[in-house]
Amino acid sequence: TALRAQLDAKLFGQHLAKDVVLKAVMGFSNNPSPKKPLTLSLHGWAGTGKNFLSQILAEHVHPAGLRSKYVHLFLATLHFPHQDLLKLYKEQLQNWIRGNVSACPHSVFIFDEMDKMHPGLIDAIKPFLDYYEEVDKVSYRKAIFIFLSNAGGDLINKAALDFWTSGKRREEIQLKDLEPMLSVGVFNNKNSGLWHSSLIDRNLIDYFVPFLPLEHKHVKMCVRAEMIARGYAVNEKIVQAVADEMTYFPKEQKIYSDKGCKTVQAKLDIHED
């Protein structure tokens, strides 16, 4: 219930992601002996809430969230920058995960910028995600792995726009409308970090979670939430002004914010005076 309340209060316009993640996490938490670690792959354009959701999820498992020594965040461009060191990165990654899960079975690993990760690198962790009782005397079954990626964002945006064009509400979009297309699209996308990955081949990713592009009304929700977080009274004029400053696509209809809520904080700073 705490997780649900937090997602309701802080994650806007993402009925699918909220629903899928709640079900996945509740099922996983309530299972005394899961057969494999929980593995989620979050997809969508920047600013739609992928990072946000992974942080809320981490805090649900370890209250200190990203500050907890049991929550580990990897950034592809920071931790794995050089293509020619792939072999070394694979060893380091395996050792790092092995060491941390030995210390805490409920470790959470977040891989951001998957679309910038060298193809093949993520396959190094395949043994830990598989249906093994133990790997070298360590059980990984209670750990959680989360991948964040912009890959597949175009497919999701197109599907959302198709729904809008045909007069359907975005809340009618279901996981089955997007997930099959997403897993195939990511598997065949050279810049997804999961290109021809054995993680997809072996069905080791439990859910591909689509993040929909955000509409004008969702951007306004983000602005209000940011004002409240800063301890301000909500001023609807400023909310409207910040939302109007965003750029929207497609060019004609201007329905979706092309940066989601990413620049809301910076834009609000300008209006503070």
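Quick note: structure is the one above.
Residues numbered from 1 in each chain as written. Predicted model: local features only at pLDDT ≥ 70, side-chain atom pairs only at ≥ 80, totals over all residues. Heavy atoms only, no water.

## Description of the pairing of strand β4 (residues 144-149)
Stage number 1. Judged by how many residues are buried, β4 sits mostly within the fold: 6 of 6 residues are covered.
Stage number 2. Of the two faces of β4, the one holding Ile144, Ile146 and Leu148 and the one holding Phe145, Phe147 and Ser149 are both buried throughout.
Stage number 3. Across 6 bridges, strand β1 (residues 38-43) lies against β4 in parallel orientation. In the sheet register, Leu38 faces β4, and the bridge partner there is Ile144.
Stage number 4. Note that strand β3 (residues 108-112) and β4 share 4 bridges and pair parallel. Opposite Phe111, over in β4, you have Phe147 as the bridge partner. (Buried < 20%, exposed > 50% of the residue type's maximum accessible area, 1.4 Å probe, protein only. Helix = DSSP H or I, 4+ residues; strand = E, 2+ residues; numbered from the N terminus. Pairing = 2+ DSSP bridges.)

## What to know about helix α11 (residues 236-245)
Structurally, the α-helix is built with 3.6 residues per turn, so residues lying three or four positions apart point the same way.
Stage number 1. Of the residues making up α11, those classed as buried are Val239, Val242 and Ala243. What you see down the axis of α11 is that its buried residues fit within an arc of 95°, all on one side.
Stage number 2. Turning to α11, the residues buried within the fold contact α10 (216-229), β6 (248-249) and α12 (264-271).
Stage number 3. Two or three places before Lys237, at the opening of α11, Asn235 has a side-chain oxygen 2.9 Å from that residue's backbone nitrogen. (Arc of directions from axis to C-beta. Contact = heavy atoms within 4.5 Å. Polar contact = N/O pair within 3.5 Å; in protein donor to acceptor, adjacent residues only side chain to side chain.)

## Thoughts on the state of the cysteines
Stage number 1. Applying the stated criterion to the full structure yields 1 disulfide.
Stage number 2. A sulfur-sulfur separation of 2.0 Å characterises the disulfide bridge that pairs Cys222 with Cys261. Classification of the bridge connecting Cys222 and Cys261 rests on its S-S torsion, roughly 85°, and on that basis the disulfide is right-handed. Here Cys261 lies in the loop between β7 (256-257) and α12 and Cys222 lies in helix α10, a separation of 39 residues in the sequence.
Stage number 3. Taking relative accessible area as the criterion, Cys261 reaches 14% and is therefore assigned buried. (Disulfide = S-S within 2.5 Å.)

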